[in-house]
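The lines below spell out each chain.
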Amino acid sequence: MITSTPFGALQNGEPVTAYTLTNGAGMSVTVLDYACIIQAIRVPDRRGNPVDVALGYDDCAGYEAGSCFFGAFVGRFANRIAGSAFTLDGTEYRLPANEGRNHLHGTYAAQRFDGEIQGDSLVFHKISPDGEEGFPGQLSLTVTYSLTEDNRLLLDYRAETDRPTVLNLTNHTYFNLGGQDSGDTLDTRLTLRASRFTEADSETLTTGRILPVANTPLDFCTGKPIGQDIRADHPMLRDCQGYDLNYVLNQPSMEIAAARAECAATGITLTLYTTQPGVQLYTGNFVTGDAAPCGKGGRRYPQYAGFCLETQHFPCSPNYPQFPSTVLRPGEVYHQITAYQFGVTEGA
């Protein structure tokens, strides 16, 4: 079942609608037509009590003021493009520098989309004009959210272009399986089926090298608490005050899990499936510096209050031909799917 209710208005007066997807298993997901934001994810814990496991805000003012991309659909190019420029087919394209000298995530996180209910799915549409933020090509975008009866939240992205362009789309939800108001996630146990990562420098910009995680504090292959090595003396942790790096998935698949997280306190589990080749693990290192006054329920989120599993292509891919291509050409269809499956373990 999907219902819709008003969620206030933006500063420019545009109304925002909240859509809530509910299944028969006691799970619900609230999504806004502003930035296709996942505003809340309520999952039953091991005692059957609903727990909101997504960080966010209670009103439009929070989302407009916030600087952490809570729950947002981001693009045209998720993650960073160094120097805010890339070359495609011999032409250089300049992008706005919105993080120092670099381009990060793009403008979709601050735009309204046209939403409609189609059966059991919530579908958003947008036409992104040629030249928006410097990217070539007019894009026709479709973002579809579905909630299954077995507590699987499906995110389906499709796009077509009328000119060659580059595209990298993701969702920026921060998860806290203990509840969005429960403190940090350092005790959450995380497994990532990724034996390699894309190296980054002190600006979190990729160097183009793909390195093994083995024998480093970046290794989550066998699972460990997020906080176990978060303060280890490793440049990719020290420079970011935590994890903020792209993992190269061993086997992108909608049948084989790419990641699994578990909270001992609530018993809530999260299993990730995706067709994308990478996932950015971000551990909320800088949420304390968020520009919005507070999160949901007046909560001031602490450092590490949530972790992101941003399924994506690799950072700065247009400038590194050895990475999987992010080029989209006329006549082609960009199509990527991600699933966040929630469950519960038995325990005290």
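Everything that follows concerns the structure shown earlier in this document.
This part covers the overall build of the protein. Scanning the protein from terminus to terminus reveals two helices and 27 strands. What you see for the protein is a C-alpha radius of gyration of 19 Å, in line with the 20 Å of a compact globule of 348 residues. C-alpha atoms of the protein, sized along the principal axes, occupy 60 × 50 × 40 Å. Each of the 348 residues in the protein was classed as buried or not, and the buried ones make up 57%. Expressed as a percentage of contacts within the protein between residues at least 6 apart in sequence, the contacts between residues at least 24 apart total 67%.

Strand order in the open sheet formed by five strands is 1-2-3-4-5, and the pairing between neighbours is antiparallel. One side of each edge strand has no neighbouring strand; the edge strands of this open sheet are strand 1 (2–9) and strand 5 (50–52). Sheet twist, expressed as the average angle between the axes of neighbouring strands with direction ignored, equals 20 degrees.

On to unusual backbone geometry. Across the junction of Gly 75 and Arg 76, the peptide omega takes the value 20 degrees, indicating a cis bond. Along the chain, Arg 76 falls in the loop between strand 6 (73–74) and strand 7 (80–81). With phi around 70 degrees, His 105 is a residue other than glycine that occupies positive phi space. Here His 105 shows up in the loop between strand 10 (103–104) and strand 11 (114–118). Of note in this structure, Asn 151 is not a glycine but carries a positive phi near 65 degrees. Mapped onto the elements of the fold, Asn 151 is located in the loop between strand 13 (139–147) and strand 14 (152–161). Look at Asn 151 and you get buried, because its relative accessible area is 11%.

Here the structure, examined in full by the defined rule, presents zero disulfides. Note on Cys 60: no disulfide assigned, nearest cysteine sulfur contributed by Cys 36 at a separation of 14 Å.

Another point: the nonpolar core. Burial of nonpolar side chains together is a common tendency in soluble globular proteins. Grouped together as the largest cluster of nonpolar side chains are 64 residues, with contacts concentrated most on Ile 41, Tyr 145, Tyr 247 and Phe 342. The element best represented in this core is strand 13, accounting for five residues. One finds Ala 18, Tyr 34, Tyr 174 and Cys 308 within the second-largest nonpolar core, a separate group that totals 25 residues.

Attention now moves to the pairing of strand 21 (residues 244–248). Where a strand is regular, its side chains alternate between the two sheet faces. Of all five residues in strand 21, five are buried; the element is thus mostly enclosed. Burial of strand 21 is two-sided: the residues Asp 244, Asn 246 and Val 248 facing one way and the residues Leu 245 and Tyr 247 facing the other way are all buried. Relative to strand 21, strand 18 (residues 196–200) is paired through two bridges, and the arrangement is antiparallel. Bridging from a neighbouring strand, Arg 196 pairs with Val 248 of strand 21. By the bridge criterion, five bridges tie strand 21 to strand 24 (residues 278–282) in an arrangement that is antiparallel. Among the inter-strand pairings, Tyr 247 is bridged to a residue of strand 24, identified as Val 279.

Right, let's get into the side chain of Arg 80. Tracing the backbone shows Arg 80 in strand 7. Only 2.8 Å separates the side chain of Arg 80 from the side chain of Glu 99, close enough to count as a polar contact. Residues in contact with Arg 80, not counting those within four places in the same chain, are Glu 99, His 103, Leu 104, Glu 203, Thr 204, Leu 205, Asp 244, Pro 315 and Cys 316.

With respect to the helices, strands and loops of the structure, Tyr 157 is situated in strand 14. Each C-alpha atom, one on Tyr 157 and one on Arg 101, is 29 Å from the other, the two residues being 56 residues apart in sequence.

Looking now at the sheet that holds strand 13. Pairing is antiparallel in the open sheet, where nine strands are placed in the order 11-12-13-14-27-23-22-17-20. A strand with exactly one partner marks an edge of an open sheet, and here the two such strands are strand 11 and strand 20 (224–225). By the bridge criterion, nine bridges tie strand 13 to strand 14 in an arrangement that is antiparallel. Its bridge partner lying in strand 14, Ser 140 is registered against Glu 160.

Opposite charge on two side chains makes pairing possible when the charged atoms of those side chains draw close. Within this structure, the stated rule accounts for 14 salt bridges. Between Arg 158 and Asp 156 there is a salt bridge whose closest N-O contact spans 3.7 Å. We classify Arg 158 as partly exposed; its relative accessible area is 39%. Residue class for Asp 156 comes out buried when judged on its relative accessible area of 18%. In this structure, Asp 233 and Arg 238 form a salt bridge, with 2.4 Å as the shortest nitrogen-oxygen distance.

The element strand 18 is largely enclosed, with a buried count of four among its five residues. In this structure, strand 18 lies alongside strand 19 (residues 206–212), joined through four bridges in antiparallel fashion. Counted as the bridge partner of Ala 200 is Thr 206 from strand 19. In textbook terms, the turn of a hairpin is the stretch between consecutive antiparallel strands, and for strand 18 and strand 19 this stretch comprises five residues, one of which, Thr 204, has a positive phi near 65 degrees.

What follows deals with the packing of aromatic side chains. Within the structure shown, the criterion is met by 20 aromatic pairs. Relative to Phe 70, the ring of Tyr 57 lies with its centre 5.2 Å away and its plane at 45 degrees, an arrangement referred to as tilted. Remark: Phe 70 occurs in the loop between helix 1 (60–65) and strand 6 and Tyr 57 occurs in the loop between strand 5 and helix 1; sequence separation between them is 13 residues. Residue classification places Phe 70 among the buried positions, given a relative accessible area of 3%. Ring geometry for Phe 73 and Phe 113: centres 5.7 Å apart, planes at 80 degrees, overall edge-to-face. Placement of Phe 73 in strand 6 and of Phe 113 in the loop between strand 10 and strand 11 is noted, with a sequence separation of 40 residues between them.

Basis of the calculations
- Residues numbered from 1 in each chain as written.
- Predicted model: local features only at pLDDT ≥ 70, side-chain atom pairs only at ≥ 80, totals over all residues.
- Heavy atoms only, no water.
- Helix = DSSP H or I, 4+ residues; strand = E, 2+ residues; numbered from the N terminus.
- Rg over C-alpha atoms; globule rule 2.2 N^0.38 Å.
- Buried < 20%, exposed > 50% of the residue type's maximum accessible area, 1.4 Å probe, protein only.
- Contact = heavy atoms within 4.5 Å.
- Pairing = 2+ DSSP bridges.
- Axes fitted to C-alpha atoms, helices over the stretch in contact; angles between N-to-C directions.
- Disulfide = S-S within 2.5 Å.
- Core = buried A, V, L, I, M, F, W, Y, C linked by side-chain atoms within 4.5 Å.
- Polar contact = N/O pair within 3.5 Å; in protein donor to acceptor, adjacent residues only side chain to side chain.
- Salt bridge = Lys/Arg side-chain N within 4 Å of Asp/Glu carboxyl O.
- Phe/Tyr/Trp six-rings, centres within 6.5 Å; stacked < 30°, edge-to-face > 60°.

The values are spatial; any link to function lies outside them.
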